[in-house]
Amino acid sequence: MSTASKIPDLMSRQFDLFSGVPTEEPMTELKTALQSGRRFVMGDPSKIFVGTVPLEDYLRSSGERAAFTVARLLDEQDWQGFEQRYAATGRAPYAPRGMMGLILYGLMQGVHSLRALERLARLDLGCMWVCGGITPDHANIGRFILLHETSLTSDFFESLTRSVLRASGSKGRRLAGDGTVIEAACSHYKLLKEDALKAHVDAARDVLARIPDDAQAQQTHQQAQRCQEIFETRQANRRRVGKSTESIRISAIEPQAMVQRLKRGRGFAASYKPSVLVNDDRIIVAVAVDPSSETAVMESMLDQSARVLGEHAQEVLLDAGYFDDKVITATLDRTISLLCPSGQWPAKDKGTGLFHKSRFQYDQHTDTYRCPADQILRCQTKVAPSVRTREHRVYGTSSCAGCQLRVRCTQVVKGRKIKRYPEDEMRDALRQIMEHPKAQRVFRQRKAMVEPVFAHLRCQQKLERFRRRGLAAVRREFALHALAYNLSRAVRRLNALLIVLFNLLGHIYPVQNVLHRVTACSAWKGRMLGVAF
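(A) Quick peek at unusual backbone geometry. Positioned with a positive phi, Arg282 is a non-glycine residue whose angle comes to about 60°. Residue Arg282 is classed as partly exposed on the basis of its relative accessible area, which comes to 27%. Its identity as a non-glycine residue notwithstanding, Asp367 has a phi of 55°, on the positive side.

(B) Here's a closer look at the packing of aromatic side chains. All told, the structure shown has 10 aromatic pairs when counted by the stated rule. On the numbers, 5.0 Å between centres and 55° between planes, the contact of Tyr362 with Tyr369 is tilted. Given a relative accessible area of 22%, Tyr362 falls into the partly exposed group. For Tyr369, a relative accessible area of 3% corresponds to the buried category. Centre to centre, the rings of Tyr362 and Tyr395 are 6.3 Å apart; their planes meet at 80°, and the pair counts as edge-to-face. Taken together, the residues Tyr362 in strand β14 (residues 361-363) and Tyr395 in strand β17 (residues 392-396) connect sequence positions 33 residues apart. Cluster of aromatic residues (ring-pair linked, three or more members): Trp79, Phe82, Phe144 and Phe156.

(C) Molecular detail of the pattern of salt bridges. If you walk through the whole model with that rule in mind, you get 22 salt bridges. The partner of Asp374 in a salt bridge is Arg370, and the shortest N-O contact between them spans 2.6 Å. For Arg370, a relative accessible area of 36% gives the class partly exposed. A salt bridge links Arg390 to Glu423, with the shortest nitrogen-to-oxygen separation between them at 2.4 Å. Of the two residues, Arg390 is situated in the loop between β16 (376-383) and β17 and Glu423 in helix α16 (residues 423-434); the sequence distance between them amounts to 33 residues. Under the relative-accessibility criterion, Glu423 is labelled buried at 14%.

(D) Here's a closer look at the state of the cysteines. In the structure shown here, the tally under the stated rule is zero disulfides. Note on Cys131: no disulfide assigned, nearest cysteine sulfur contributed by Cys127 at a separation of 4.2 Å. Looking at Cys131, the relative accessible area reads 3%, which means it is buried.

(E) Representation of the packing of helix α10 (residues 155-168) against helix α13 (residues 298-309) within the structure. Relative orientation of the contacting elements α10 and α13 amounts to 50°, with a least axis distance of 9 Å. One element, α10, and the other, α13, form an angle in the oblique class. The chirality of how α10 crosses α13 is right-handed. Contacts between α10 and α13 involve Phe157, Glu158, Thr161, Arg162 and Leu165 on the former and, on the latter, Gln304, Arg307, Val308 and Leu309. Here the contact of α10 with α13 is composed, by residue class, of four nonpolar, two polar and three charged.

(F) Quick look at the sheet that holds β14. If you walk across this open sheet you meet the five strands as β14-β15-β16-β17-β18, and the pairing is antiparallel. The outermost strands of the open sheet, each flanked by one partner alone, are β14 and β18 (418-420). Sheet twist, expressed as the mean angle between neighbouring strand axes with direction ignored, is 35°. Relative to β16, strand β15 (residues 368-370) runs antiparallel, the two sharing three bridges. Directly across from Arg370, in β16, lies its bridge partner Ile376.

(G) View of the nonpolar core. Core analysis: the largest hydrophobic core is formed by 104 residues, its most contacted members being Leu74, Met100, Leu104, Phe156, Leu277, Ile284 and Phe478. At 11 residues, helix α19 (residues 471-508) tops the list of elements feeding residues into this core. With residues near it in sequence (within four places) discarded, Leu104 still touches Leu74, Phe156, Leu160, Leu480, Leu483, Ala484 and Leu487.

(H) Quick peek at the side chain of Glu477. When you line up the elements, Glu477 lands in helix α19. One buried charged side chain, Glu477, makes no salt bridge at all; its nearest oppositely charged neighbour is Arg467, positioned 4.5 Å away. Of note is the side chain of Glu477, whose polar atom sits 3.1 Å from the backbone nitrogen of Arg467. Not counting residues within four places of it along the chain, the set of residues in contact with Glu477 comprises Leu463, Arg465, Phe466, Arg467 and Arg468.

(I) Geometry of helix α11 (residues 194-210). Counted at 1.5 Å a residue, the expected span for α11 with its 17 residues is 24 Å, and the 25 Å between its end C-alpha atoms agrees. Here α11 has its buried residues at Leu197, Val201, Ala204 and Leu208. Down the axis of α11, the buried set is contained in an arc of 60°. They therefore lie on one face. In α11, the exposed positions angled more than 90 degrees off the buried face are occupied by Asp195, Ala209 and Arg210. Taken together, the buried residues of α11 touch β7 (191-192), α12 (215-240) and β8 (250-251).

(J) Spatial organisation of the packing of helix α14 (residues 325-333) against α16. Two numbers describe how α14 lies on α16: the axes approach to 10 Å, and their chain directions differ by 80°. Taken together, the axis directions place α14 and α16 in an arrangement best described as roughly perpendicular. Residue-level contacts link Asp325, Ile328, Thr329 and Leu332 of α14 to Glu423, Met426, Arg427 and Leu430 of α16. When the residues that make up the contact of α14 with α16 are grouped by side-chain class, the tally is four nonpolar, one polar and three charged.

Parameters and conventions
Residues numbered from 1 in each chain as written. Predicted model: local features only at pLDDT ≥ 70, side-chain atom pairs only at ≥ 80, totals over all residues. Heavy atoms only, no water. Buried < 20%, exposed > 50% of the residue type's maximum accessible area, 1.4 Å probe, protein only. Phe/Tyr/Trp six-rings, centres within 6.5 Å; stacked < 30°, edge-to-face > 60°. Helix = DSSP H or I, 4+ residues; strand = E, 2+ residues; numbered from the N terminus. Salt bridge = Lys/Arg side-chain N within 4 Å of Asp/Glu carboxyl O. Disulfide = S-S within 2.5 Å. Axes fitted to C-alpha atoms, helices over the stretch in contact; angles between N-to-C directions. Parallel < 35°, antiparallel > 145°, perpendicular 65-115°, else oblique. Left-handed = near helix turned anticlockwise from the far one by under 90°. Contact = heavy atoms within 4.5 Å. Nonpolar A, V, L, I, M, F, W, Y, C, P; charged D, E, K, R; others polar. Pairing = 2+ DSSP bridges. Core = buried A, V, L, I, M, F, W, Y, C linked by side-chain atoms within 4.5 Å. Lys, Arg positive; Asp, Glu negative; His and termini not counted. Polar contact = N/O pair within 3.5 Å; in protein donor to acceptor, adjacent residues only side chain to side chain. Expected span 1.5 Å × (residues − 1). Arc of directions from axis to C-beta.

What follows is the structure, encoded as structure tokens:
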């Protein structure tokens, strides 16, 4: 008997044409949630038929596994927190389980528009299985996302990620982190400088004075004032570090976004910096979004990864952009081994054009610095901490007067001075660690771990720019994309396990009998390692 004859014939399962098509029962029905007692509109994918063939059989015969994996992982989640946010009375809403399945499955396919998700729920067979056949409109989908904003970026992200890790057998001993720049939902042609911003605020104030009771005028005026406050804060921050404020620009409709250089040489635009921590299997275990900083969110990401993994990672691999005192301290406080290069330090200070401090090598045994001219700088002064200064030590030498490199090193009459702060000791220790061949060999894995994540988000899930406005909405949007990515990774890893098992069975049994043995064995009936077959 041939292998094809042993495969169950789907046509034999079809219903007799004269007995009636079994789609007379509705695909959705009202059910009461056991924990919250609230009634929801829940879908039942077992009642969906393609012609007269059950949808489950149709998808299995087509080799579709992603929908089954996504549905199973969502079924493992606790939806009580979502259900409790709905009122106990009124029209029954769609069940959170089905709505979340629709959103995440759509993002996996690169569908992010609310109207496109509405269309996907009606036309895509895999989506019908995941969400149970519910057909919400775009307004309901948008209200659902807003209602559960907090859970999407914290509790639910962590819960679903833990399920993905368990299903794929993935661990988190070593993590890699990185960030990117993604354009905000505003035009980069309408950015305002200081004078234009003042004119914008004055115009909004004049409109409000003419029609004080108009709600839209009040909202426009409040947004203009908020924009001016953010602009003034950024001006103060740049003045504090001695930088010019003339180049500061801001978007009137997206003031929280920071104007910065985009990736791939696309110029400057109002944008945000999302960051991730991923494990060896490229599963995202922590996410964060900041207007412009990658280092400011590292501490919260380390804590989130510990909640997801159940413990802190043993190693974290970061690129030179994270060579920062706060990042080093955060990893030390959590007893995490940090591998992070100091980068190619500039030969000259950007502000003065003189030798950068990094050109002076510190010797901890003698507590001295060696300058580029091979002269020794010794500790001359110890400064105690005060309201205006931090604790530090000052190093200098009397050899600057006749030095040939003086014009490239200092303009001070008494010679070059080097200030050493307490955090410099941690920086020097990290530099020494990164010089070790074993540390360099481990660090080379970072790029292969984390860089493909952003490539998938941009190319497969179409996250070339954010489509929601405001930092809170952007964080919510990026968390959803990260969850959809993790589900894609779970599908890929479980499919890879199936291939390995098929290859193993092929060595044990004759190749022509492998498929029949797997499908016929009751222990494998419909599932293999939790993956629908």
